[in-house]
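Letter by letter, the chains look like this.
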Amino acid sequence: MAWPPGASGDDWETGCVFRLGSLIPSPRQAPVVAALFDELRINGLIEGHKLLVIGNGYGVAYDQVPRLAAAVIAASPDVIVAGPELPVRTLQTLTQTIPLVGMTEDMVGEGLVASLARPGGNTTGISLLSPELDGKRQEILLDAAPGLRKIAILADANVTKPAHLQELVDAGRGRGVETLVREVAKREDVIRAIKDVHTAGAAAINFLATPMFSVDAAAFIAQVRELRLASIYQWPEDAEDGALSAYGPRYSEMYRLRARLVAKVLHGIKPPDIPVQQPAKFELVVNLKTAKAIGLDVPSSLLLRADKVIE
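Because the structure is predicted, anything quoted here is derived from the model rather than measured.

Q: Sorry if this is basic, but what is going on with the packing of aromatic side chains here?
A: Centre-to-centre distance and the angle between the planes together describe a pair of aromatic rings. Applying the stated rule across the entire model yields five aromatic pairs. An angle of 15° between the planes, with centres 4.2 Å apart, marks the rings of Trp235 and Tyr251 as stacked. Here Trp235 is found in the loop between β9 (230–233) and α10 (236–240), whereas its partner Tyr251 is found in helix α11 (residues 251–266), with 16 residues between them in sequence. With a centroid separation of 6.1 Å and 25° between ring planes, the pair formed by Tyr247 and Phe282 is classed as stacked. Highlighted residues: Tyr247 in strand β10 (residues 245–248) and Phe282 in the loop between α11 and β11 (283–287), separated in sequence by 35 residues. Overall, Tyr247 belongs to the buried group, its relative accessible area being 15%. Each member of the aromatic cluster is reached from another via a ring pair, and the members are Phe207, Phe213 and Tyr233. Over the face of the ring belonging to Tyr58 we find Arg28, whose NZ or CZ atom lies 5.7 Å from the ring centre.

Q: What should I look at first to understand the confidence of the model for the protein chain in this one?
A: Detail in the predicted coordinates should be disregarded across regions flagged by low pLDDT. Summary statistics for the protein chain give a mean pLDDT of 93 and a share of 95% for residues scoring 70 or more. Long-range and interchain partners of residues 1–9, a stretch whose pLDDT sits below 50, account for 30 contacts in this model, where long-range means more than four residues apart.

Q: Where do I start with the sheet that holds strand β6 (residues 150–156) in this structure?
A: What holds strands together in a sheet is hydrogen bonding between their backbones, with the strands either parallel or antiparallel. Spatial strand order, β7-β6-β8-β9-β10-β11-β12: seven strands in an open sheet with mixed pairing. Strands at the two margins of the open sheet, each flanked by one partner only, are β7 (178–184) and β12 (308–310). For this sheet the average axis-to-axis angle between neighbouring strands, irrespective of direction, equals 15°. Examined bridge by bridge, strand β8 (residues 204–207) and β9 share three bridges and lie parallel to one another. Its bridge partner lying in β9, Ile205 is registered against Ser231.

Q: Just checking my understanding: could you explain the nonpolar core for this structure?
A: Soluble globular proteins tend to bury their nonpolar side chains together. By size, the foremost hydrophobic cluster in this structure holds 32 residues, and its most contacted members are Leu20, Val33, Phe37, Leu40, Leu51, Tyr255 and Val262. Among the elements of the structure, β1 (18–23), α2 (31–42), β2 (51–53), β3 (79–82), β4 (100–104) and α11 are those that each provide at least two residues to this core. Broken down by element, the residue count for this core peaks at 10 residues, all from α11. Counting residues in each nonpolar core, the second largest holds 25 residues, with Ala193, Ile194, Phe207 and Tyr233 among its members.

Q: Mind showing me how you'd approach the environment of Ala71 here?
A: You can see Ala71 is positioned in helix α3 (residues 65–74). For Ala71, a relative accessible area of 28% puts it in the partly exposed group. For the pair formed by Ala71 and Ile54, sequence separation is 17 residues and the distance between their alpha carbons is 9.8 Å.

Q: Honestly, the sheet that holds β1 in this entry has me stumped. Any pointers?
A: Read across the open sheet, the five strands follow the order β2-β1-β3-β4-β5; overall the sheet is parallel. A single partner strand is all that each edge strand has here, and the edge strands are β2 and β5 (123–127). Taking each pair of neighbouring strands and ignoring which way they run, the sheet shows an average axis angle of 20°. Note that β4 and β5 share five bridges and pair parallel. Bridging from a neighbouring strand, Thr104 pairs with Ser127 of β5. Contacting β1 and β3, α3 runs over the sheet at an angle of about 175° to β1. The sheet contacts of helix α4 (residues 85–94) involve β1, β3, β4 and β5, and relative to β4 the element is tilted by about 150°.

Q: I would appreciate a short explanation of the pattern of salt bridges in the present structure.
A: Inspection of every chain in the model, using the stated rule, returns 17 salt bridges. In this structure, Arg250 engages Glu237 in a salt bridge whose closest nitrogen and oxygen atoms are separated by 3.9 Å. Taken as a pair, Arg250 in the loop between β10 and α11 and Glu237 in helix α10 lie far apart in primary sequence, 13 residues in all. In this structure, Arg250 and Glu237 share a single accessibility class: buried. Between Glu240 and Lys308 there is a salt bridge, with the nearest N and O atoms lying 3.1 Å from each other. One end of the pair, Glu240, is in helix α10; the other, Lys308, is in strand β12, and 68 residues separate them in sequence. With a relative accessible area of 26%, Glu240 lands in the partly exposed category. For Lys308, a relative accessible area of 36% translates into the label partly exposed. Via salt bridges that share partners, Asp38, Glu39, Arg41, Glu253, Arg256 and Arg260 belong to a single interconnected network.

Conventions adopted
- Residues numbered from 1 in each chain as written.
- Predicted model: local features only at pLDDT ≥ 70, side-chain atom pairs only at ≥ 80, totals over all residues.
- Heavy atoms only, no water.
- Phe/Tyr/Trp six-rings, centres within 6.5 Å; stacked < 30°, edge-to-face > 60°.
- Helix = DSSP H or I, 4+ residues; strand = E, 2+ residues; numbered from the N terminus.
- Buried < 20%, exposed > 50% of the residue type's maximum accessible area, 1.4 Å probe, protein only.
- Lys NZ or Arg CZ within 6 Å of the ring centre and 35° of its normal.
- pLDDT = per-residue confidence, 0-100.
- Contact = heavy atoms within 4.5 Å.
- Pairing = 2+ DSSP bridges.
- Axes fitted to C-alpha atoms, helices over the stretch in contact; angles between N-to-C directions.
- Core = buried A, V, L, I, M, F, W, Y, C linked by side-chain atoms within 4.5 Å.
- Salt bridge = Lys/Arg side-chain N within 4 Å of Asp/Glu carboxyl O.

So, in structure tokens, the structure goes:
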């Protein structure tokens, strides 16, 4: 397989300027993207010095993916940071040579890599363990609000598999809880879905792992709080920003890990030789300010398990 000239250890030593492409839902000004560029800087890749940033692949909505994927490829990057599943899959159809550093919910289950240890092809990156963590988050949500009889699951209709939803419904039934499932295809429909499940009698929402719910989540967090619903999200930062609770790896650290993988590629290591990474640390954050605002008394047993309690 022929790799681009930029992806070479010799070029790194001679001071070559590398071209970085992106196809991600996070805006260029987002704190997590700032974390990515800070980690690139720490690894010797400074924008405007050793790094040329191709600028049209940030804040990408699902319907923009085909057009912007083609544009990023046409700009001849040396490596592309991509995610979630749809951007990575689309790029894989367009190039078998440009290295892709992806971040998705389940890279093996989605068929994007052959295995974690030996990804194969031109793709490596981060697999977030999301199917397992979605279930863990649901358990935490039920522990946070004992006595719940009806909860809702909000899922991204573009990526969530029916079998995964059924597993969560069955798990809820096992704890005596009715589970409503709402699949949302567009970001602009999320607020309406939150209002719908509230009207249907759900007292809590498990927001399944997807950038649709985590990128610029402030409006969703505010709506859930206004309706006095319990909730749990994917990233610890969401609870720090006002959600009731969150469980998972720290979002900013996952972006820093992506930057370190990019540095490996540009040092000349080929993607099939870089094992897909998984989160090593998970944080449970509970926001007692939000609990008080929605009238919820969080059990002390859950607070003792939390890595961080916001009071």
